[in-house]
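Here's the letter readout for the chains.
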Amino acid sequence: MPDTGFDATVTAFILVKTTREWLELTVAERVAAFEDNVVPTIREKVTDVRSRFYDTEFYSARVTDVWVWEARDHDAFQLVVEALRETPFWDRYFDVVDILVGVENGYAKHYGTTTPTTIDA
């Protein structure tokens, strides 16, 4: 999804493992399957989100990819999951291993403090 310049309040990490069916597709077939079967459903049913993919298969045998979603609110992310479940992404091309949803610095925001990090802002 394109960066729309919004402040995300929810970040979700969808941890997935590729299936044999996905791996048997050529790279061109994978791109086409994603562009034809997944992206249109997301664009049609979901707004106020953006996402990025991370490959992890060279570091983990349990999870091959992490799909990171940022959403304006919890309702927007819920629509992502509902939309993905209607596509071959969910349980056909990928097994969903786990979904981790969090709020960046939620603890600090709740208590009105800052959270120490290793990066200077």
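See the structure above.
Okay, so let's go over this structure.

This structure, assessed with the given rule, holds six salt bridges. A salt bridge links glutamate 86 to lysine 45; the nearest nitrogen and oxygen atoms lie 2.4 Å apart. Residue glutamate 86 is located in the loop between α4 (74-84) and β4 (94-102), and its partner lysine 45 is located in helix α3 (residues 39-45); the two are separated by 41 residues in the primary sequence. Look at lysine 45 and you get partly exposed, because its relative accessible area is 34%. Between arginine 50 and glutamate 70 there is a salt bridge, with the nearest N and O atoms lying 2.7 Å from each other. Here glutamate 70 lies in strand β3 (residues 65-71) and arginine 50 lies in strand β2 (residues 49-55), a separation of 20 residues in the sequence. Assessed through its relative accessible area of 17%, glutamate 70 is described here as buried. Bridged by salt links that share partners, the residues Arg50, Arg52 and Glu70 form one connected network.

Conventions we followed
Residues numbered from 1 in each chain as written. Predicted model: local features only at pLDDT ≥ 70, side-chain atom pairs only at ≥ 80, totals over all residues. Heavy atoms only, no water. Salt bridge = Lys/Arg side-chain N within 4 Å of Asp/Glu carboxyl O. Helix = DSSP H or I, 4+ residues; strand = E, 2+ residues; numbered from the N terminus. Buried < 20%, exposed > 50% of the residue type's maximum accessible area, 1.4 Å probe, protein only.

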